[in-house]
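Breakdown of the fold
Residues per chain are reported as follows:
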Number of protein chains: 2
Amino acid sequence: MIKIAIAGYGNLGRGVECSVAQNSDMELFGVFSRRAPETVKTVFDSTKVYSMNDILKYKDDIDVLVICGGSATDLPVQTPELAKNFNVIDSFDTHAKIPEHFANVDASAKESGKIAMISVGWDPGMFSLNRLYGEAVLPDGKDYTFWGKGVSQGHSDAIRRIDGVLDARQYTIPIEKALSAVRSGLNPELSTREKHLRECFVVVEDVADKAKIENEIKTMPNYFADYDTIVHFISMDEMKRDHSGIPHGGFVIRSGKTGANGEHSHLIEYSLKLDSNPEFTASVLVCYARAAYRMNKEGMSGCKTVFDVAPAYLSAKTPDELRAHLL
Amino acid sequence: MIKIAIAGYGNLGRGVECSVAQNSDMELFGVFSRRAPETVKTVFDSTKVYSMNDILKYKDDIDVLVICGGSATDLPVQTPELAKNFNVIDSFDTHAKIPEHFANVDASAKESGKIAMISVGWDPGMFSLNRLYGEAVLPDGKDYTFWGKGVSQGHSDAIRRIDGVLDARQYTIPIEKALSAVRSGLNPELSTREKHLRECFVVVEDVADKAKIENEIKTMPNYFADYDTIVHFISMDEMKRDHSGIPHGGFVIRSGKTGANGEHSHLIEYSLKLDSNPEFTASVLVCYARAAYRMNKEGMSGCKTVFDVAPAYLSAKTPDELRAHLL
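All residue numbers here refer to positions counted from 1 along the written sequence of the relevant chain. Chains carry letters from A onward and ligands carry numbers from 1 onward, assigned in written order. It should be noted that, the model being predicted, local features are given only for residues of pLDDT at least 70 and side-chain atom pairs only at 80 or more, the latter also being counted only at that level, while totals for whole chains, interfaces and linings use all residues. Values shown for side chains rest on all heavy atoms present in the structure; no hydrogens or waters enter the calculation.

1. A look at unusual backbone geometry
Of the consecutive residues Gly-148 of chain A and Lys-149 of chain A, the connecting peptide bond is found in the cis state with omega at 0 degrees. Secondary structure elements are taken from DSSP: a helix is a run of H or I of four residues or more, a strand is a run of E of two residues or more, and numbering for both begins at the N terminus. Considering the arrangement of structural elements, one finds Lys-149 of chain A in the loop between β7 (141–147) and β8 (150–151). A cis geometry characterises the amide bond from Asp-123 of chain B onward to Pro-124 of chain B, with omega recorded as 5 degrees. Relative to the helices and strands, Pro-124 of chain B resides in the loop between β6 (115–117) and α4 (126–137). The residue Ser-119 of chain A is not glycine, and still its phi comes out positive at about 60 degrees. By the secondary structure assignment, Ser-119 of chain A is in the loop between β6 (115–117) and α4 (126–137).

Structure representation (structure tokens):
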């Protein structure tokens, strides 16, 4: 049995707790939290909760530590630090800072002889894999990533920070016309506005100036100004009833040509439709935790990404079973 | 530059010749054929053609040999034999015989210290990868593979063997209702007949008994009896005008559940829409030839499948570039 522990316990940590229970070759050692352990309510009553301060006491009891902190401030510190004593895995998703995070984590993990997998999830993660496979197979081509329909936590938070706003939920929606143009093989150049639209559901104070808030959302730089944005004002009851889920998904499409003169077109499309973004991300983390464990057992160490993991390491099946049944 | 050679020159070999030209880190050493070299007409005038009998003379000039023979009789003999002297790659696609082929090839390649990749293409190949990734990420789920719309060579050949038939083309078509049921997350049990239908275009002799031929097709065991089959009789001119392409494609769909009680559903869908089945298969072979070369350079040997290849080996980009731009 592979012994998994969770460091940091929010939606993602809960997802990892559920995912480990679905994998018969794994068991959950427990959850490490910065909160007082007795205040942490886990999904399963049987799950043990420990203080993050005590984590080093258990370094020989844990095969892989799944770090479930945030990319802004938690992971840049936690992953390099914890890789000094554990095989670790994180879902670091600040694309622009991946090279820096990789370098920091690699130094720690090489020194400790552990495996540290970073940026595992669906984007970065499964979507990255499909960008790589698509480009390798069809070098004369172009790839497109669309996100949604799904809830963007960052954009929802940005709306919540506006004066008079009580709650908000923002959905990123790929524009059907852009998807169709890509699927047609025309390799269109698409602007930000042509690819996605943003739909917002907003609860405001009774006295709030709705027109002013709507304008403030639609003109917000970086978040909304470059998009067509739709704003709906709803009641708190409607918010709770209709927008409590965390769905997401999207598409990676590679369109390319082959032949002596590029006379044949091909389309590779990978899509995800997810009821729960954190639970799916957690499921990806958990199967890469299996890979981290096995790769370290074979003597590998250092920082790895999904690009470095041979697919067979992810499956609970043996190589013989995989060849006989999945190939 | 990675020096690629082609062993066996039909549609697939021509596809490899075109694909190597699209990859700037590769060059084509030449084509080896069992035919007299001067009778082989290649896509590019510059391509050199050699006799298969002379292949061992060039063992130090070739980095990877792409074996483009058929799975029925060529590859079971050629791949283990050529792996004694070359890094090789094939597209062996008789699913039931993969374990046996693997064992034979592995013995040769381990002894020679070479890499031999087998069963590379899109099914087996890219579809197999997606079955594995899907099952690993969503262990509580079910996967579905649909093929088409596309030309099945085996079924076309079976029709051509009927008395009175001059030419035939058979399209395998996934049934939209079955695809919708799978995408709904209902995890349906689907019979052979419910998943695909078979549409046949047939040219017959003037004196042929069409009703008899149609009946013979529709009741043919293994090939057609378990399917709903549509037969169209057309002229040789129509066949040449409308059915000269070799399109194919299909879908791998994983439908699964997460959460404490499986309360959230997820759908992963991978699809291919290919203008030319052999050229796409060739493109997959060529990027795995890059991987074979690199893995052998690093000291690895033996038989490998797509499951054993870390994705980074497939790309012409460096690991740094991949992390910065594709992750």
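The structure having been displayed, the exposition proceeds.
2. Re helix α10 (residues 277–297) of chain B
Residues and elements named next belong to chain B. The end-to-end C-alpha separation of α10 is 31 Å, in line with the 30 Å expected for 21 residues at 1.5 Å each. In terms of burial, α10 is largely enclosed, as 19 of its 21 residues are buried. N or O atoms closer than or at 3.5 Å make up a polar contact, with two conditions inside protein: a donor-capable atom paired with an acceptor-capable one, and, for residues adjacent in sequence, both atoms drawn from side chains. Taking the backbone nitrogen of Glu-279 as reference, a side-chain oxygen 3.2 Å away marks Ser-276 as the first, capping residue of α10. Of the residues flanking the end of α10, it is Gly-299, one or two places downstream, whose phi is positive at about 100 degrees. Helix span, expected: 1.5 Å multiplied by one less than the number of residues in the helix. When a residue's accessible area, from a 1.4 Å probe over protein chains only, is under 20% of the maximum for its type it is buried; when over 50% it is exposed; and in between it is partly exposed.

3. Describing the packing of helix α2 (residues 75–82) of chain A against helix α3 (residues 98–112) of chain A
Residue and element names in this part refer to chain A. Lines fitted to the C-alpha atoms define the axes, with helices restricted to the stretch that makes contact. Angles between their N-to-C directions range from 0 to 180 degrees. Viewed as axis vectors pointing N to C, α2 and α3 meet at an angle of 25 degrees, and their least axial separation amounts to 7 Å. As far as their axial angle goes, α3 and α2 are roughly parallel. The element α2 and its partner α3 pack so that their crossing is right-handed. Side by side, α2 and α3 meet where Leu-75, Pro-76, Thr-79 and Pro-80 of the first sit next to His-101, Asn-104, Val-105 and Ser-108 of the second. If an angle is under 35 degrees, it is roughly parallel; if it is over 145, roughly antiparallel; if it lies from 65 to 115, roughly perpendicular; otherwise it is oblique. Rotating anticlockwise by less than a right angle from the far helix to the near helix defines a left-handed crossing, while the corresponding clockwise rotation defines a right-handed one. Contacts are assigned to residue pairs that have any heavy atoms within 4.5 Å of one another.

4. Structural notes on the pairing of strand β2 (residues 26–33) of chain A
Residue and element names in this part refer to chain A. With respect to burial, β2 is a largely interior element, 6 of its 8 residues being buried. By this definition, two strands are paired if DSSP reports at least two bridges between them. Pairing analysis gives 6 bridges linking strand β1 (residues 2–7) to β2, with the strands arranged parallel. Bridged to Ile-4 within β2 is Leu-28. The path from the first strand over the helix to the second decides the hand: if it runs clockwise while the strands point away from the viewer, the crossover is right-handed. Following the chain from β1 across helix α1 (residues 11–21) to the adjacent parallel β2, one finds a crossover that is right-handed. Note: β2 against strand β3 (residues 49–51), 3 bridges, orientation parallel.

5. What to know about the relation of the copies chain A and chain B
For the least-squares superposition of copies, only C-alpha atoms count, and only for residues with pLDDT at least 70 in both. Mapping chain A onto chain B calls for a screw motion: a turn of 180 degrees about the axis and a shift of 0.0 Å along it, with 0.0 Å RMSD after fitting. The superposition operator between the copies reduces to a two-fold rotation axis. Within chain A, Ala-310 of chain A has its C-alpha nearest the rotation axis, a separation of 1.9 Å. Residue by residue, 100% of the interface of chain A is reproduced at the interface of chain B, so both copies engage with the same surface.

6. Some details on the sheet that holds strand β10 (residues 196–204) of chain A
Residues and elements named next belong to chain A. The 4 strands lie next to each other as β8-β9-β10-β11, forming an open sheet whose pairing is mixed. Each end of this open sheet is capped by a strand with a single partner; those strands are β8 and β11 (228–233). Sheet topology note: the β10/β11 ladder contains 6 bridges and is parallel. Bridging from a neighbouring strand, Phe-201 pairs with His-232 of β11. Along the sheet, helix α8 (residues 210–218) makes contact with β9 (165–174), β10 and β11, crossing β11 at roughly 150 degrees.

7. Quick word on the side chain of Ser-108 of chain B
Residues and elements named next belong to chain B. Relative to the assigned elements, Ser-108 resides in helix α3 (residues 98–112). A polar contact is formed between the side chain of Ser-108 and the backbone oxygen of Pro-80, at a distance of 2.8 Å. Apart from the residues within four sequence positions on either side, Ser-108 is in contact with Pro-80, Ala-83 and Lys-84.

8. What about helix α6 (residues 176–183) of chain B?
Residue and element names in this part refer to chain B. For α6, the set of buried residues is Ala-178, Leu-179 and Val-182. The buried side chains of α6 occupy one side of the element, clustering within an arc of 100 degrees when seen end-on. Exposed residues on α6 whose side chains face more than 90 degrees from its buried face are Glu-176 and Lys-177. On the buried face of α6, the contacting elements are β7 (141–147), β9 (165–174), α7 (192–195), β12 (248–258) and β13 (264–274). One or two residues past the end of α6 sits Gly-185, with phi positive at roughly 85 degrees. To obtain the arc, one takes the directions from the helix axis to the C-beta atoms.

9. Re the pattern of salt bridges
Residue and element names in this part refer to chain A. By definition, a salt bridge exists where a carboxyl oxygen of Asp or Glu is found within 4 Å of a side-chain nitrogen of Lys or Arg. Overall, the coordinates contain 40 salt bridges over all chains when judged by the stated rule. Between Lys-57 and Asp-54 there is a salt bridge, with the nearest N and O atoms lying 3.6 Å from each other. Accessibility expressed as a relative area gives 27% for Asp-54, which makes it partly exposed. Through salt bridges with shared partners, a single ionic network connects Asp-157, Arg-160, Asp-167 and Arg-169.

10. Focus: the nonpolar core
What is meant by a nonpolar core is a set of buried Ala, Val, Leu, Ile, Met, Phe, Trp, Tyr and Cys residues, joined one to another through side-chain atoms within 4.5 Å. Core analysis: the biggest nonpolar cluster contains 152 residues, and Met-117 and Tyr-288 of chain A together with Met-117 and Tyr-288 of chain B have the highest contact counts within it. With residues near it in sequence (within four places) discarded, Tyr-288 of chain B still touches Tyr-133 of chain A together with Ile-89, Met-117, Val-120, Leu-129, Val-306, Val-309 and Leu-314 of chain B. In terms of nonpolar packing, the next biggest core, distinct from the first, is built from 14 residues, Val-202, Val-204, Ala-208 and Ile-213 of chain B among them.

11. Re the interface of chain A and chain B
Counting residues at the interface gives 65 residues for chain A and 65 residues for chain B. Summed over both partners, buried area is the accessible surface (1.4 Å probe) that two parts give up on being assembled. Summing the contributions of chain A and of chain B, the shared interface buries around 5,700 Å²; its carbon and sulfur component is 63%. Between chain A and chain B we count 2 salt bridges in total. Linking chain A to chain B there are 26 residue pairs in polar contact (both at pLDDT 80 or more). In the scheme used here, Gly and all other residues not listed as nonpolar or charged are polar, with Ala, Val, Leu, Ile, Met, Phe, Trp, Tyr, Cys and Pro taken as nonpolar and Asp, Glu, Lys and Arg as charged. Residues belonging to the side of chain A that touches chain B are distributed by class as follows: 36 nonpolar, 16 polar and 13 charged. Here strand β13 (residues 264–274) of chain A runs beside β13 of chain B; their pairing, made up of 9 bridges, is antiparallel. For Ile-268 of chain A, the partnering residue across the bridge sits in β13 of chain B and is Leu-272 of chain B.

12. Concerning the packing of aromatic side chains
Residues and elements named next belong to chain A. Planes of paired rings set the category: under 30 degrees apart is stacked, over 60 is edge-to-face and the rest tilted, where pairs are Phe, Tyr or Trp rings (Trp by its six-membered ring) whose centres lie within 6.5 Å. Under the counting rule described, the total for this entry stands at 19 aromatic pairs over all chains. Where Phe-32 meets Tyr-58, the ring centres are 5.8 Å apart and the plane angle is 55 degrees; that geometry is what we call tilted. Taken as a pair, Phe-32 in strand β2 and Tyr-58 in the loop between β3 and β4 (64–67) lie far apart in primary sequence, 26 residues in all. Residue class for Phe-32 comes out buried when judged on its relative accessible area of 0%.

13. With respect to the state of the cysteines
By definition, a disulfide is the covalent link that joins the sulfur atoms of two cysteine residues. Two cysteine sulfurs form a disulfide in these notes if their separation is within 2.5 Å. Taken as a whole, this structure holds 0 disulfides over all chains when the rule is applied. In this structure Cys-18 of chain A is a free cysteine whose sulfur lies 12 Å from that of Cys-68 of chain A, the closest cysteine sulfur available.

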